[in-house]
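In case you want the letters, here they are:
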Amino acid sequence: MAFRDVNSRRHIGLQQLSSLASAGRTLLGPMKSCKFVVDESTNQSMLICSAVRLIESLDLSSAAGQLLNETIQAQNKEFKTGMSTLLFLVGAWSNAVLECLQQNVPVSAIVSVMSEGLNSCCEKVQCLQISVHDVNKELCSSSVRPNTSSSKTYEVACDGFLNPQIFLCLQKEVSPSKELVPRNSCSHQEADSNLNKGLVSPLADCKQKRLTHSRYFSALATSPSSSQLDDSQVCLSGQSAHPCECYGLGHLARALSHGNEPNMKLLKSIVAYQHERAECSGSNQFNIAEVVTCCLPGLPESYSCICPGFVTLVSPEQAAVIKHLGDKPLRILLTEGDLTEAYRHLGFTKPRNIRTVLERPDLQEGRPGDVWLNTSLDILTRSQVSLVLVKGHVCENLLERCVANKILVVGSVPQKVLSAFGEASGAQPVTYLTQLSASCVGSGAQLELWTASDGRAMDLGELVPVRIRVRGLTLLTAVLTTAVPAKMQLVEDRFWTLVYRLHHALRDGKVFLGGGAVELLCLSHSQALAKQTLKLANKKPVKEFHGPWLAASSAEYKPVVLQALASGWSQYLAAVMCNTAKATSLFEAQTLIEHHLKKAADCGSPSAYVLKEFQTGGMFQGGPVPSTGSAEGCRVYDNVTAKTEAWRRALDLVLLVLQTDAEIISGPQTNQLLNSPASSEFMFL
């Protein structure tokens, strides 16, 4: 990547960070501007809207670029959110540090004061944390409208993102007086017929009034094979303890979605299904470990839904095996690692002082590896295994032979899927097929071709979606579809971002006020610290630092460094306001920010002013997101831990690159200082 305005005589690493981060400026806020990334080797394009995909697509040949990639990947691995904030602040604070260096501020003063300033900001914004219980109580109490229950029923019924079975759960909330079918009071066929009856009236009206050219409205139909197991018949008994949607989590999830309305329908289905199971088992109401995704490019987004069981893609030859096996209960085997001849478990070491000349003589005719193939197939046949789930890769030759013998082998299965099938079927994972015994094989698995909401089986050409189920399986698959294949990764990233935001909010038990409220308080606090420090610079500098030389230096430059830290918050707020259409230009955004800062200062308590503005929906209201019919739909919240960790990681990266650049530029000056008489008063960071 070409770096703009890079001066070879100055801090190259900081300039590279600034240049890389500028590419993700439009990815901040709910109204993101997507980018097309083109692979020059294959000429294939991909639509991205996250900092992770952007950094993965760039040519990061520099050391600073590699550090930036590792930092963003670490944030993504732990939180799945906050990467765009991290990337933007890296660029903003890199520019701020460069400005400090232009004013001859020592590196030691920049490092100590910026770290101290960020820690002070993190402590200051604790007053803007609200417990999840209080958020749910406030949003749910203000969301009920006495004359909107019927319209909500029709709106949910028209939405193609919901699975028909889980729709009944949401229909029950808005129509509690309607008689529903108990879980065990009828057969599968009766439940299926009652399910269809419950959808006739809403659908008949929806077909007349729906918008035919909008992806958010599509007719909802049932799948003939979707109610064969009890696991699919969710929310058919009992009444909701919460008068609002999604058992008290719907409004919180919407406030955390930041305009991600299509995936809200999927999240509602997940919460509804897991709540029904929690009533029986007492498990957690929202368990992210029970959710996986399956991407089906080429289908309209209205086909996206939540499907109980494990949905995956197989070859047409394997799909023929599924048709042959039918609905019979199958014996299932779980395999950890790769299902190949050369695979060895982690930690395997060959015996020492032994040199292998030939593992076994090739006494039989045939290709190399035929003995292992024959042995593996014989083990599966003798154990009467019809379904094998493999965590790693599968040998192509073994796969072909298994297809010929009507055995379905699925590779690249996530670990949490193996664990879920192990608990439901009683199967115990094995590392090698030679470890297989009768106690390791599970039972009760069922296979079927996945069908869309209109009952049609999908054939995507090279791959066919199938569903694997076991009675008692808690696993849910989010089937994500889009008519634009280049958009598939974007759809999946947005889904997981929303799911993890809710997950982290429930785990933290608290959320931040969103929409820029926290950053505005950080900006106000940083500027207040700078003004306060400027007044007290000559009073008591020695008590705050380790030595008199560093104390004098830091006290002198502390206001400048704190103003540089504040400039990062100001740039962040301006970018968010522009991306949410609250300001038409950066100049207008900066003017509005200064206006609010002045009002916060005049108020005497910036935190009280921010709370008041948030409650009245002034500056911190959500942007132009899809309307939900109530005022609280625009209220925005953020995760606490994910946001603060993004701040810390961004600053740590900038300061690390700063110190590395300083060591490269300064050269032998450090040794000269260490050998000086006043070296005991120095502290090198």
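About the thresholds
Residues numbered from 1 in each chain as written. Predicted model: local features only at pLDDT ≥ 70, side-chain atom pairs only at ≥ 80, totals over all residues. Heavy atoms only, no water. Helix = DSSP H or I, 4+ residues; strand = E, 2+ residues; numbered from the N terminus. Buried < 20%, exposed > 50% of the residue type's maximum accessible area, 1.4 Å probe, protein only. Contact = heavy atoms within 4.5 Å. Areas by Shrake-Rupley, 256 points an atom, 1.4 Å probe, with all protein chains shown as cover. Salt bridge = Lys/Arg side-chain N within 4 Å of Asp/Glu carboxyl O. Pairing = 2+ DSSP bridges. Axes fitted to C-alpha atoms, helices over the stretch in contact; angles between N-to-C directions. Core = buried A, V, L, I, M, F, W, Y, C linked by side-chain atoms within 4.5 Å. Polar contact = N/O pair within 3.5 Å; in protein donor to acceptor, adjacent residues only side chain to side chain. Phe/Tyr/Trp six-rings, centres within 6.5 Å; stacked < 30°, edge-to-face > 60°. pLDDT = per-residue confidence, 0-100. Expected span 1.5 Å × (residues − 1). Parallel < 35°, antiparallel > 145°, perpendicular 65-115°, else oblique. Left-handed = near helix turned anticlockwise from the far one by under 90°. Nonpolar A, V, L, I, M, F, W, Y, C, P; charged D, E, K, R; others polar.

(A) Summary view of the overall build of the protein. Helices and strands together make up the secondary structure of the protein, namely 22 helices and 14 strands. A total of 685 residues make up the protein; the buried ones form 52% of that total. Sequence-distant contacts in the protein: of pairs separated by 6 or more residues, those separated by 24 or more amount to 77%. Accessible area for the protein stands at about 31600 Å²; split by element, carbon and sulfur atoms hold 52% of it.

(B) The arrangement of the pattern of salt bridges in detail. For the structure shown, the criterion picks out 15 salt bridges. Between Asp493 and Arg53 there is a salt bridge; the shortest N-O distance is 2.8 Å. Residue Asp493 is located in helix α16 (residues 488-508), and its partner Arg53 is located in helix α2 (residues 51-57); the two are separated by 440 residues in the primary sequence. Here Glu116 and Lys558 are joined by a salt bridge, their closest N and O atoms 3.1 Å apart.

(C) Inspection of the sheet that holds strand β6 (residues 310-314) at higher detail. Spatially, the 6 strands line up as an open sheet ordered β6-β11-β10-β7-β8-β9, and their pairing is mixed. The open sheet has two edge strands with one neighbour each: β6 and β9 (408-410). Across the sheet, the axes of successive neighbouring strands diverge by a mean angle of 35 degrees, strand direction being ignored.

(D) Geometry of the pairing of strand β4 (residues 291-297). Where burial is concerned, most of β4 is hidden: 5 out of the 7 residues are buried. Bridge analysis of β4 against strand β12 (residues 476-482) gives 7 bridges, and the strand direction is parallel. Residue pairing for β12: Cys295 is matched across the bridge by Leu480.

(E) Layout of the nonpolar core. Grouped together as the largest cluster of nonpolar side chains are 114 residues, with contacts concentrated most on Trp93, Ile110, Trp569 and Tyr637. Once you skip the residues sitting within four places of it in the chain, Trp93 turns out to touch Met114, Leu118, Ala564, Leu565, Gly568, Trp569, Trp647, Ala650, Leu651 and Val654. Within the second largest apolar cluster, 29 residues are counted, among which are Leu325, Val403, Leu473 and Leu475.

(F) The side chain of Arg467, seen in detail. Along the chain, Arg467 falls in strand β11 (residues 464-470). Within polar-contact distance, the side chain of Arg467 engages the backbone oxygen of Pro308 at 2.9 Å. In terms of polar contacts, Arg467 uses its side chain to reach the side chain of Glu448, at 2.6 Å.

(G) Local environment of unusual backbone geometry. Positive phi outside glycine occurs at Lys80, with the angle close to 65 degrees. For Lys80, a relative accessible area of 23% translates into the label partly exposed. Phi is positive for His258, close to 55 degrees, though the residue is something other than glycine. Following the sequence through the fold, His258 ends up in the loop between α10 (250-257) and α11 (261-281). Residue classification places His258 among the buried residues on the basis of a relative accessible area of 18%.

(H) Summary view of the sheet that holds strand β3 (residues 129-131). Ordered by their spatial adjacency, 3 strands build an open sheet running β3-β13-β14, and the pairing between neighbours is antiparallel. Both edges of this open sheet fall to β3 and β14 (637-639), since each of them pairs with a single strand only. Between one strand axis and the next, the sheet turns by 45 degrees as a mean value, whatever way the strands run. Judged from the 3 bridges that link them, strand β13 (residues 510-513) and β14 form a sheet pairing that is antiparallel. Pairing of Phe512 across the sheet is with Asp638, part of β14.

(I) A look at helix α1 (residues 12-22). For α1, the tally of buried residues reaches 9 of 11 residues, placing the bulk of the element in the interior. Three or more residues of α1 are buried, namely Gly13, Leu14, Gln15, Gln16, Leu17, Ser18, Ser19, Leu20 and Ala21.

(J) Representation of the packing of aromatic side chains within the structure. Enumeration according to the criterion identifies 9 aromatic pairs in this entry. Note on Phe88 and Tyr572: the rings are 6.0 Å apart at their centroids and 75 degrees apart in plane angle, and the pair reads as edge-to-face. With a gap of 484 residues between them, Phe88 in helix α4 (residues 83-102) and Tyr572 in helix α18 (residues 548-579) connect regions that are remote in the sequence. A single burial state applies to Phe88 and to Tyr572, both of which are buried. One aromatic cluster is present, formed by Trp93, Phe512, Trp569 and Trp647 through successive ring pairs.

(K) How the structure looks around the environment of Lys599. You can see Lys599 is positioned in helix α19 (residues 586-603). Along the primary structure Lys599 and Val610 are separated by 11 residues, whereas in three dimensions their C-alpha atoms are 10.0 Å apart.

(L) Main features of the pairing of β12. Counting buried residues in β12 gives 7 out of 7 residues, a clear majority hidden from the surface. The side-chain alternation of β12 yields two buried faces, one formed by Leu476, Ala478, Leu480 and Thr482 and the other by Thr477, Val479 and Thr481. Pairing of strand β5 (residues 305-308) with β12, which is carried by 4 bridges, proceeds in the antiparallel orientation. Bridge assignment links Cys307 to a residue of β12, and that residue is Thr477.

(M) Layout of the side chain of Asn76. Along the chain, Asn76 turns up in helix α3 (residues 63-79). Asn76 has contacts with Val52 and Met83, leaving out every residue within four places of it along the chain.

(N) Layout of the confidence of the model for the protein. Looking at the protein as a whole, the pLDDT averages 78, with 71% of positions reaching at least 70. Low pLDDT, under 50, characterises residues 1-9; the predicted model gives this stretch 16 contacts beyond four residues in sequence or across chains. For the stretch residues 541-552, pLDDT sits under 50, and the model shows 15 contacts to residues farther than four places along the chain or on other chains.

(O) Structural context of helix α13 (residues 370-382). An ideal rise of 1.5 Å per residue puts 18 Å on 13 residues; α13 measures up with 18 Å between its terminal C-alpha atoms. Within α13, the full set of buried residues consists of Asp370, Trp372, Leu373, Ser376, Leu377, Ile379 and Leu380. Against the buried residues of α13 lie β7 (330-335), β8 (387-390) and α14 (396-404). Following α13 by one or two positions, Gln384 adopts a phi angle in the positive range, close to 60 degrees.

(P) Inspection of the packing of α3 against α4 at higher detail. Across the interface, α3 lies against α4 with an axial gap of 9 Å and an inter-helix angle of 150 degrees. Judged on the interaxial angle alone, α4 and α3 are roughly antiparallel. α4 is crossed by α3, and the crossing has right-handed handedness. Taken together, the residues of α4 that come into contact with α3 (itself represented by Leu68, Thr71, Ile72, Gln75 and Asn76) are Met83, Leu86, Leu87 and Val90. Looking at the contact of α3 with α4, its residues break down into 6 nonpolar, 3 polar and no charged.

(Q) Region of the structure containing the environment of Leu47. Here Leu47 lies in strand β2 (residues 45-48). Each C-alpha atom of the pair Leu47 and Leu490 lies 6.4 Å from the other, and the pair is 443 residues apart in sequence. Aside from chain neighbours lying at most four places away, what touches Leu47 is Cys34, Lys35, Phe36, Ala486, Lys487 and Leu490.

(R) Spotlight on the packing of α4 against helix α5 (residues 107-124). The interhelical angle for the contact between α4 and α5, taken along N-to-C directions, is 140 degrees, at an axis separation of 11 Å. Taken together, α4 and α5 sit at an angle that is classed as oblique. Crossing of α4 over α5 shows right-handed handedness. Two secondary-structure elements touch here, α4 through Trp93, Val97, Cys100 and Leu101 and α5 through Val107, Ile110, Met114 and Leu118. Taken together, the residues that form the contact of α4 with α5 break down as 8 nonpolar, no polar and no charged.

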